[in-house]
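As a plain string of letters, each chain reads:
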Amino acid sequence: GGAALLPSMLMFGVILASSGLLLMIEKGILARVKPPPLHPAGGERSRRGGQEAPGELDWQVLRDVRNRTIRAACGQRAMPRSVWELPAGQRRTVLRHLLVSDKYRFLYCYVPKVACSNWKRILKVLDGALESVDVKLKMDHKSDLVFLADMKPDEISYRLKHYYKFVFVRNPMERLLSAYRNKFGEIKEYQQKYGVEIVRRYRKNGGNSAGDDVTFSEFLRYLLDEEAERMNEHWMPIYNLCQPCAVRYDFIGSYERLNADANYVLERVQSPSFVRFPERQSWYKPVTAETLHYYLCNTQRRLIKELLPKYILDFSLFAYPLPNVSSEFCRQ
């Protein structure tokens, strides 16, 4: 039922080609849009102590491409115009991922592995449940948070129409690698719940695994066999989590320029000036370009190629270049 809402891959290719995105990907234009440095050398300082990063024009071009592509895709007759046009399962998913701030009149669609814990921390500070974003507590992802799914239909419709809506996105393959390293390298619950089954299913004589030795290739094979709408939220496509056609977001932030975009949102919703986006934890080990290069180039190209259609809307709508796993690139 849900699949019927999406145009065919051929139609979607036509839409993207008309917006110029495929040409830009092919020519490597988007790949040349570099994230700003972590500590920009110059630029105008905001009231939160942030700075306007060099290369701002590149980001404006990328945003324009992203907005045009979303408008072109979501303008197709088969695409949903509101959450009420979604099948029940899809509607339930997006409403469960939309967090509400009635005090500051905004909706935030949280995407796991795209700094959502820090955004939840900010929401708790804005609501008075936390004293500061720097409080050292294990994040409780449910308590002291308001989800749109818990509201009545008329309350949901009002907030979707009148509140400021935003979401943060990330390169799909980088997000998958981050989820893989975190969940199967560090979290015993995921090793037991998913890892044991993955190894048993895709490895010969893998029945004795504790689920802590899942390979990246085995993880990708598992994703290939999973329905997107039934995936765990940590690797479910962002499109399925946040439904950017059914929910018209006012701002789509990028993980690649997290602090600058987060500060923009905080100013836009007029949050108190002392509320800032938290610094990255010292123990956090981000996925670097080199790490992603290593994993992709040590994975069968066929596997990556077969997986791309499952995440093609995330690549296309949010203007991320498709992964380069050519022999020339991987020899570097």
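The text that follows walks through the structure, step by step, so that each part is easy to find. Values in this document were obtained by computation on a predicted structure and should not be read as measured data.

### Structural notes on the overall build of the protein chain
- Check the secondary structure of the protein chain and you find 14 helices and four strands.
- Counting the 332 residues in the protein chain, one finds 51% classified as buried.
- The contacts in the protein chain between residues at least 6 apart in sequence include a share of 71% that link residues at least 24 apart.
- Per element, the accessible surface of the protein chain, about 17,200 Å² overall, is 50% carbon and sulfur.

### Description of the packing of aromatic side chains
- On inspection of all chains with the given rule, the structure shows 26 aromatic pairs.
- When the centroid spacing of 6.3 Å and the interplanar angle of 80 degrees are considered together, the rings of tyrosine 158 and tyrosine 163 count as edge-to-face.
- Of the residues examined, tyrosine 158 reaches a relative accessible area of 38% and is grouped as partly exposed.
- Taken together, a centroid distance of 6.4 Å and an interplanar angle of 40 degrees make the contact between tyrosine 164 and phenylalanine 166 tilted.
- We classify tyrosine 164 as buried; its relative accessible area is 8%.

### Notes on the pattern of salt bridges
- Scanning the entire structure with this criterion turns up 12 salt bridges.
- Between glutamate 197 and arginine 200 there is a salt bridge, with the nearest N and O atoms lying 2.7 Å from each other. Taken as a pair, glutamate 197 and arginine 200 lie in helix α8 (residues 188–202) at a separation of three residues, close to a single helical turn.
- For aspartate 213, the salt bridge goes to arginine 203, with nearest N and O atoms at 2.9 Å. A residue pair is termed long-range when its members are at least 10 positions apart, and aspartate 213 in the loop between α8 and α9 (216–225) and arginine 203 in the loop between α8 and α9 qualify at 10 residues.
- Classification of aspartate 213 as partly exposed rests on a relative accessible area of 33%.
- Residues joined in a network through salt bridges with shared partners are Arg63, Arg257 and Asp261.

Definitions and limits used
- Residues numbered from 1 in each chain as written.
- Predicted model: local features only at pLDDT ≥ 70, side-chain atom pairs only at ≥ 80, totals over all residues.
- Heavy atoms only, no water.
- Helix = DSSP H or I, 4+ residues; strand = E, 2+ residues; numbered from the N terminus.
- Buried < 20%, exposed > 50% of the residue type's maximum accessible area, 1.4 Å probe, protein only.
- Contact = heavy atoms within 4.5 Å.
- Areas by Shrake-Rupley, 256 points an atom, 1.4 Å probe, with all protein chains shown as cover.
- Phe/Tyr/Trp six-rings, centres within 6.5 Å; stacked < 30°, edge-to-face > 60°.
- Salt bridge = Lys/Arg side-chain N within 4 Å of Asp/Glu carboxyl O.

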